[in-house]
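Structural overview for review
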Amino acid sequence: MYENYKNQHPIDTTALDAEHDVSYSSGPFALSTPGGGLYKMGVFPYLMPVWHTDWRDEALSWHLTCSLHAGLNPSVVTILRGPEAKKFMSENFVNNVEDFPIGIIKHGILCLENGLIATHGVIMRTGEEEYELWWHAPYLNYLFGLKDYNAELIDMTMKVFILQLQGPNCLSILEEATGEDLKDIDYRHYRNSTINGHKVRILRFGMAGTLSYEVHGEAQYSKEIQKKLIEIGNPYGIRQLGFSNYLLNHSEGGNFQANLSFMSALFLDEGFQK
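This write-up is about the structure you can find in this document. (Residues numbered from 1 in each chain as written. Predicted model: local features only at pLDDT ≥ 70, side-chain atom pairs only at ≥ 80, totals over all residues. Heavy atoms only, no water.)

Bringing the sheet that holds strand β6 (residues 152-155) into the picture now. Spatially, β3-β4-β5-β2-β6 is the arrangement adopted by the five strands of the open sheet, whose pairing is antiparallel. Since the sheet does not close on itself, it has two edges, and those belong to β3 (105-111) and β6, each with one partner. Across the sheet, the mean angle from the axis of one strand to that of its neighbour is 30°, orientation sign disregarded. Where strand β2 (residues 77-81) and strand β5 (residues 130-134) come together, five bridges link them in antiparallel fashion. Each residue of the ladder has a partner; that of T78, found in β5, is L133. (Pairing = 2+ DSSP bridges. Helix = DSSP H or I, 4+ residues; strand = E, 2+ residues; numbered from the N terminus. Axes fitted to C-alpha atoms, helices over the stretch in contact; angles between N-to-C directions.)

With that settled, consider the packing of helix α5 (residues 170-178) against helix α6 (residues 222-233). Between α5 and α6, the shortest axis-to-axis distance is 9 Å and the interhelical angle comes to 120°. Classified by the angle their axes make, α5 and α6 are oblique. For α5 against α6, the interelement crossing comes out right-handed. Facing I173, L174, E176 and A177 of α5, the residues of α6 in contact are L229, I232 and G233. The residue inventory of the contact of α5 with α6, partitioned by class, reads five nonpolar, one polar and one charged. (Parallel < 35°, antiparallel > 145°, perpendicular 65-115°, else oblique. Left-handed = near helix turned anticlockwise from the far one by under 90°. Contact = heavy atoms within 4.5 Å. Nonpolar A, V, L, I, M, F, W, Y, C, P; charged D, E, K, R; others polar.)

This paragraph deals with the sheet that holds strand β7 (residues 160-166). What the six strands build is an open sheet, ordered β8-β9-β10-β7-β1-β11; its pairing is mixed. Two strands close off the open sheet at either side, each with one partner strand: β8 (190-195) and β11 (238-240). If you compare each strand with its neighbour and ignore which way they point, the axes differ by 30° on average. Two strands pair when backbone bridges link them, and strand β9 (residues 198-205) and strand β10 (residues 212-218) are joined in this way by six bridges, in the antiparallel orientation.

Further remarks concern the layout of surface pockets. The calculated volume of the largest pocket comes to roughly 720 Å³. For the lining of the largest pocket, the element with the most residues is strand β4 (residues 117-127), which contributes six residues. When grouped by side-chain class, the residues that make up the lining of the largest pocket number 25 nonpolar, 12 polar and one charged. (1 Å grid on protein atoms, 1.4 Å probe; cavity = no way out; pocket = protein on both sides within 12 Å on 5 of 7 lines; lining within 4 Å. Points joined across faces, edges and corners; volume = space filled by probe spheres on them.)

To continue, consider the environment of L229. With respect to the element layout, L229 can be found in helix α6. Note: C-alpha distance between L229 and A177 (52 residues apart in sequence) is 6.6 Å. Once residues within four sequence positions are removed from consideration, L229 is found in contact with L163, L165, I173, L174, A177, I195 and I238.

This brings us to a nonpolar patch on the surface. On the surface, W51, W55 and L248 cluster together to form a nonpolar patch covering roughly 300 Å² of accessible area. Accessibility expressed as a relative area gives 43% for W51, which makes it partly exposed. (Patch = residues over 30% accessible without salt bridge, like charges linked within 9 Å, V, L, I, M, F, W, Y side chains within 5 Å. Areas by Shrake-Rupley, 256 points an atom, 1.4 Å probe, with all protein chains shown as cover. Salt bridge = Lys/Arg side-chain N within 4 Å of Asp/Glu carboxyl O. Buried < 20%, exposed > 50% of the residue type's maximum accessible area, 1.4 Å probe, protein only.)

This part covers α5. Buried residues dominate α5, accounting for seven of its nine residues. Among all positions in α5, only C170, L171, I173, L174, E175, A177 and T178 are buried. Where α5 terminates, the next one or two residues include G179, which has phi positive at roughly 70°.

With that out of the way, let us pick up the pattern of salt bridges. Charged atoms that come close allow side chains of opposite charge to pair. One pass over the full model with this rule turns up 11 salt bridges. Two residues, K87 and E84, come together in a salt bridge whose shortest N-O distance is 3.9 Å. The residue E91 makes a salt bridge to K147 at a minimum N-O spacing of 2.9 Å. Residue E91 is found in helix α3 (residues 85-92), and its partner K147 is found in the loop between α4 (139-144) and β6; the two are separated by 56 residues along the sequence. The exposure class of E91 is partly exposed, given its relative accessible area of 39%. A single network of salt bridges, built from pairs that share partners, joins E175, D181 and K183.

By themselves, these observations are geometric and do not establish any function.
Okay, here's the thing in structure tokens:
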């Protein structure tokens, strides 16, 4: 049934620059719409339809070939830097920051005083006094302002992109794109590389229990790098994930998302509301 799967729906990269008449999701990631906003700016040309081919075809991709998800653009990204960056992390996140070497990622969770989850996302240790935090603002900023920390928050939203590749062929696609052997990147680790001459960060992660990577880079090169990955990925059977399969992918892997899979307790914090 699936022996010709990878050859069924090659992706036309010109679709990234065209305006399509498709049904778009109304979810929080549907930020890039035809004819306006970020789409028109060309920084993040990622369409977010409910599906690109159909949900069954896309759901098979992370099992049989490779899925490509670009719907987290633009992500809310913050750099925490300074002598008391570690102190802030230890006082506010549930994570152990003593056992957190540079080059590692963790699932960073912020809770209310009663233990309910306010927000969560990925945190990376990027320096001795530096962390990079994805999807923790604006609650992060609120907590940071409650005390006088000898550190600073730097907003990187709209300045960086994220692409997620998952499935048995994703490593081959990325190795061809970077021209490097990437097998040294262990689970929850990352390191720098290049695609099309542009510096990127390759991060090994996973949502549905399969081989998975993320590619991070400067926003101005987002379209170029996505096109490159699609061109290389087409012979491998790469598929784009729409909104419905983003949810299915995460649910299958047990990675539930605030305000999508469950309601965040963020607005139960009266101080934050004010």
